[in-house]
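# Coordinate analysis (summary)
If you want the building blocks of each chain, they are given just below.
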Amino acid sequence: MTHESAIAAAVGTAAAVAVLARLAPQVGLVDAPGGRKDHHAPVPVVGGIALALCLFLLVLLRDRAPVPPMFLVAAGVLVAVSAWDDVAELHHLPRFAGQVVAALLMVVGAGVELRGLGDLFGWRPIGMWVLGVPATVFATVGVINALNMIDGMDGLAGSVALVALAWLGVAAQLSGLGAQAGMAWVLCAGLAGFLVFNVRHPWQARARVFLGDAGSTMLGLAIAWLAIDVTQGPGRSMPAVAALWVALLPLADTVSLMLRRVARGASPFRPDREHIHHYLLARGFSVSGALVVLVVACAACGAVGVVGWRMGLPEPLLFYGCLAAFLTYHFAMRDAWARLYASGTGFGDGS
């Protein structure tokens, strides 16, 4: 049943993208060029809406479709708020409120909650107790925004999400969690249908459609949902820190960028062009070349978490390795950008 749903998700999303891309200019769902953006013509931002619509129809029309209805409700909140933002540029507070509501729906409506962090330090397992709900909301909103913030280059957010969801699907399959694995594979298939229009290739010089905030936030929710659902509760053997490795690159990029903004006296939420993909482009990589580098890096990080778990690596080793990887990334990027600016190569804010 899952493979049939996956095929339907891929074909359905591709068809929905093709139809909605034609309608997007009439309702203002386009990303206009200018400012920090690299594209030179308006691009429809309907990828996320197309994927959400396809998933909704899949659940509505097929019995036992492997996507929880409550996920669609939570995702619907994000898609509605984000699509409104794509048209009207909302203040950040309504966007944040929508993310919190989606995270709470995940906890209250589906019971997907952080109940423990595992034995991170080698002393004893860390339980969340009364902090479970706020910790889940905080972690979920963090992943949502990490994927949203890395969505700045053709094919990047969709490809990063595809890799993360694929690793979570593998972890669910190895854990005997068929429902969670099915959800991951259907999301991966739908993403594949979208990426046909979003990744550069010999027959497509630039992305024809963007995810939009609706898509990047929904996929961030999906990654957080599955990462928690695969590691928390009865019958789960994969530790939470292994799932952290799966989303390490977008999380490290976001946290490092915010720390660097604060260090120079700027708001941590102020947009700029100092993400990892901006650095690679500034160093002369093509968009396709930078995409390959980052997808391989994401796949490698996910392999550390999932393969390390299956090999029986101790949780403290995975945790301290994750911390070391983040610190290495942070200081390496800080110094690399300093050298670029000193040479006059950096993008700078708003360029």
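Look a little higher up for the structure.
Notes on the structure follow. Nothing here was measured: the structure is a model prediction, and the numbers come from that model.

### A short note on the packing of aromatic side chains
Within the structure shown, the criterion is met by seven aromatic pairs. Each ring, one from Phe 121 and one from Phe 319, has its centre 5.3 Å from the other, and the planes form 80°; the classification is edge-to-face. Of the two residues, Phe 121 is situated in the loop between strand E3 (116-118) and strand E4 (126-127) and Phe 319 in helix H13 (residues 315-342); the sequence distance between them amounts to 198 residues. Taking the relative accessible area as the measure of exposure, Phe 121 reaches 33% and is therefore partly exposed. An aromatic cluster of at least three residues, connected via ring pairs, comprises Phe 121, Trp 123, Phe 319 and Tyr 320.

### A short note on the packing of helix H6 (residues 156-174) against helix H7 (residues 178-198)
Any two packed helices are characterised by how steeply their axes cross, that is the angle between the axes, and by the distance between the axes. Running from amino to carboxyl end, H6 crosses H7 at an angle of 155°, the nearest separation of the two axes being 8 Å. Here H7 runs roughly antiparallel to H6, going by the angle between their axes. In the packing of H6 onto H7, the handedness of the crossing is left-handed. Residues Gly 158, Ser 159, Ala 161, Leu 162, Leu 165, Ala 166, Gly 169, Val 170, Ala 172 and Gln 173 of H6 touch H7, and the partners they reach there are Gln 180, Ala 181, Ala 184, Trp 185, Leu 187, Cys 188, Leu 191 and Leu 195. Here the contact of H6 with H7 is composed, by residue class, of 13 nonpolar, five polar and no charged.

### Some points on the pattern of salt bridges
Pairing between side chains of opposite charge can happen when their charged atoms approach one another. Inspection of every chain in the model, using the stated rule, returns eight salt bridges. Linking Arg 200 and Asp 154 is a salt bridge whose minimum nitrogen-to-oxygen distance equals 2.8 Å. On the criterion of sequence distance, the pair formed by Arg 200 in the loop between H7 and helix H8 (212-231) and Asp 154 in the loop between helix H5 (132-149) and H6 is long-range, its members being 46 residues apart. Residue Asp 154 is classed as buried on the basis of its relative accessible area, which comes to 11%. Linking Arg 236 and Asp 229 is a salt bridge whose minimum nitrogen-to-oxygen distance equals 3.0 Å. Taken together, the shared-partner salt bridges connect Arg 260, Arg 261, Arg 264, Asp 272 and Glu 274 into one network.

Conventions used here
- Residues numbered from 1 in each chain as written.
- Predicted model: local features only at pLDDT ≥ 70, side-chain atom pairs only at ≥ 80, totals over all residues.
- Heavy atoms only, no water.
- Phe/Tyr/Trp six-rings, centres within 6.5 Å; stacked < 30°, edge-to-face > 60°.
- Helix = DSSP H or I, 4+ residues; strand = E, 2+ residues; numbered from the N terminus.
- Buried < 20%, exposed > 50% of the residue type's maximum accessible area, 1.4 Å probe, protein only.
- Axes fitted to C-alpha atoms, helices over the stretch in contact; angles between N-to-C directions.
- Parallel < 35°, antiparallel > 145°, perpendicular 65-115°, else oblique.
- Left-handed = near helix turned anticlockwise from the far one by under 90°.
- Contact = heavy atoms within 4.5 Å.
- Nonpolar A, V, L, I, M, F, W, Y, C, P; charged D, E, K, R; others polar.
- Salt bridge = Lys/Arg side-chain N within 4 Å of Asp/Glu carboxyl O.

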